[in-house]
Amino acid sequence: MSMYDSDSSSSSYGGADYQNLKQITRDRLLREMIRSTKAGDSKSTWKVLIMDKLTVKIMSHSCKMADITDEGVSLVEDIYKRRQPLPTMDAIYFIQPSRENIIMFLSDMAGKAPLYRKAFVFFSSPISRELVVDIKKDPRVLPRLGALREMNLEYFAIDSQGFITNNERALEELFGDEENSRKSVACLNVMATRIATVFASLREFPSVRFRAAKSLDATTVTTLRDLIPTKLAAGVWDCLMKYKKTIPNFPQTETCELLIIDRSIDQIAPVIHEWTYDAMCHDLLNMEGNKYVHEVPAKAGGLPEKKEVLLEDHDPIWLELRHAHIADASERLHEKMTGFISKNKAAQIQHGSRSSGDMSTRDLQKMVQALPQYSEQMDKLSLHVELAGNINRIIRESGLRDLGQLEQDLVFGDATMKDVIKFFTMKEDTTRENKLRLLMILAAVYPEKFDGEKGQNLMKIARLTDEDMNVVNNLRMLGGQPDTKKRSTGAFGLKFDIIKKKRAARKERPGEEEKWQLSRFYPIIEELIEKLTRNQLSKEDYPCLNDPSATFHGSPFAGTVHQNPHSMRSRRTPTWAKPRGSDDGYSSDSVLRHTSSDLRKTGSQIFVFIIGGATRSELRVCHKLTRKLNREIILGSTSLDDPAQFISKLKMLTTHELTLDDIQI
């Protein structure tokens, strides 16, 4: 019975095959945790899996119910719900190491008649010594323990290159107008622990860099908000130091890089319209997380039926198109549909292009063979054609192209406040949310335009409410202390930064091809990551907490990548599949063969963690730079927010009596 993480290195699954973050997380949960309970004196074939609210979400982000069942779990239970005694079965507990959870566990397994025959207990993060003593001091519980282990896995794998720590209220708790040190310290502690468990799972030890507190001179007071990245970096470092001592095979020298920043570095990315398929689906369509509900024709010819689909990695078309510009995605979907129909024999009959009488025996045989695939593949293609069609309809009806052009012109210094006022007067039917988002971009580029009565006048021109404009005002909390003198001159005084911003929030990037309109915008993290790989990131603005060996950062010359010998995992060179012909006209053309990647080793990984919520554009950039820089970039954040969610959270900064559920956009 081990008190610590098992010896299994993440690279041990599947030999030397590369595994991404999501695959490693899944394997640790299924193999290292659930499968390990089959060994020893565990006689029961089927087991009960017991989790709390957080660990249920952790599991659901990486595993399907079928995966869990395949590993011998017949029942999944909530630790806080009344459960039926199953004294002949073993139980697997995957829980947070909280006092409440330990009390529930002990009540299950203590006494003369425990709920289960044996308990295998796995904690999502390190457990305190006091709680271990509480468990071991009960003489009836100890012989019923099959395992007592720290899994150190307390993050949600939302993507092959992305994770969140589920600190949904981080903006409010860390950047709110009423500084609450107790609440913010608790928030940062949870965040640090969960970030560290990512490195425990991957067996990686990072050099830790962070955005330093801004200070102009000795008289400037450094605020708690300004120190947030510094404090989080220290918290992560403390956790990593413990892992070095307690986790077998944990690297003792740096194997990767971690950069900790916060939402203040880029206030535009969360609200500007991102024109890729993934971002547009979540921004414009009424989706709940990754779930999309649409109507499909009834098989019996009756009324249409509602069907739920998940836009996730198991869908090859989604994987291929999610980061494509919406115009590109629409074109490629049209090509796929026409190609599918032209090549697929069953589809040709369905669409009346050929009669069955004109077909040879071989053609008919192919048609019959194609039928089972035809239905499933046509369903997937039809789904994405419908999604893209709905998005293009909304873009057209809402006049989003003109709005998007103005947004990007503002960001790149090609438009001014006059253009915004002209837009408001000519496009009065623009939605309230889109007006608000445009004003937030304007405020990030021209903060002085919102001083005093100027802000009130803009509010009237845009026909927005005081509550709406308060959202723009709240952006000041992401950029440092507001100027109280300015605030007193009017209801909408605003200072985003002590240093006055340039009129262009972004510079044109040489060498970046723009095949599609409205694809100029890029998040700030793209520049930061590229500078980090070239060893050009300012050590003053982004200091390193530990002092890695001189060889770790590689050559100072741009573009040079050195392989780090200490990393426990195989790297890959991501490749895009070349289309191959097929009888059904679908399979090879649409599948992004990301799983059969080149297994050559690339440079060490780069992790970027954003406090206060990440955006889909930032996740896209990490995928893009992985291919461009030949180094895997993994994005972490407290949450992944769409524009409406981000605006709701900004409202919370000064609306403490409300909850997120109360706020409507």
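Within every chain, residues take consecutive numbers counted from 1 along the sequence as written. Only residues with pLDDT of at least 70 are given local features in this predicted model, and only at 80 or more are side-chain atom pairs given and counted; all residues enter the totals for whole chains, interfaces and linings. Based on all heavy atoms of the structure, the side-chain values leave hydrogens and waters out of the count.

**Student:** What am I meant to see in the packing of helix α15 (residues 417–426) against helix α17 (residues 453–462) here?
**Tutor:** Two quantities define a packed helix pair, namely the angle between the helix axes and the distance between the axes. For helices, the fitted line uses only the C-alpha atoms of the stretch in contact; every axis is such a line through C-alpha atoms, and the angle between N-to-C directions lies from 0 to 180 degrees. To qualify as a helix, a DSSP run of H or I must reach at least 4 residues; to qualify as a strand, a run of E must reach at least 2; elements of each kind are numbered from the N terminus. Direction vectors running N to C along α15 and α17 enclose 30°, while the axes themselves pass 9 Å from each other. Classified by the interaxial angle, the pair formed by α15 and α17 is roughly parallel. Facing α15, whose interface residues are Met417, Ile421 and Phe424, α17 presents Leu458, Ile461 and Ala462. Its residues placed into classes, the contact of α15 with α17 shows six nonpolar, no polar and no charged. Each angle is binned into one of four classes, with values under 35 degrees roughly parallel, values over 145 roughly antiparallel, values of 65 to 115 roughly perpendicular, and all other values oblique. Contacts are assigned to residue pairs that have any heavy atoms within 4.5 Å of one another. The residue classification treats Ala, Val, Leu, Ile, Met, Phe, Trp, Tyr, Cys and Pro as nonpolar and Asp, Glu, Lys and Arg as charged. All others, Gly included, are polar.

**Student:** Quick question: what am I supposed to make of the pattern of salt bridges here?
**Tutor:** Two side chains bearing opposite charge may form a pair once their charged atoms approach each other closely. Criterion for a salt bridge: a side-chain nitrogen of Lys or Arg within 4 Å of a carboxyl oxygen of Asp or Glu. Under the definition given, this model contains 42 salt bridges. In this structure, glutamate 308 engages lysine 291 in a salt bridge whose closest nitrogen and oxygen atoms are separated by 3.7 Å. Placement of glutamate 308 in strand β11 (residues 305–310) and of lysine 291 in strand β10 (residues 291–296) is noted, with a sequence separation of 17 residues between them. Between glutamate 526 and lysine 624 there is a salt bridge whose closest N-O contact spans 2.7 Å. In this pair, glutamate 526 is assigned in helix α20 (residues 524–533) and lysine 624 in helix α22 (residues 616–629), connecting sequence segments 98 residues apart. Lysine 624 gets classed as partly exposed once you look at its relative accessible area, which sits at 21%. One continuous salt-bridge network, built from bridges that share partners, spans Arg26, Asp27, Arg31 and Asp67. The rule is simple: take the accessible area with a 1.4 Å probe, protein chains only, and divide by the maximum for that residue type; under 20% is buried, over 50% is exposed, in between is partly exposed.

**Student:** Hey, could you run me through the sheet that holds strand β5 (residues 145–150) in this one?
**Tutor:** The strands that make up a sheet pair up through hydrogen bonds in the backbone, lying either parallel or antiparallel. Taken together, five strands build an open sheet; the order of strands is β2-β1-β3-β4-β5 and the sheet is parallel. The sheet terminates laterally at β2 (73–78) and β5, the two strands that pair on one side only. With direction set aside, neighbouring strand axes in the sheet form an average angle of 20°. Strands are labelled as partners when DSSP assigns at least two bridges between them. Direction of pairing for strand β1 (residues 47–51) relative to strand β3 (residues 86–95): parallel, over a ladder of five bridges. Bridge assignment links methionine 51 to a residue of β3, and that residue is phenylalanine 94.

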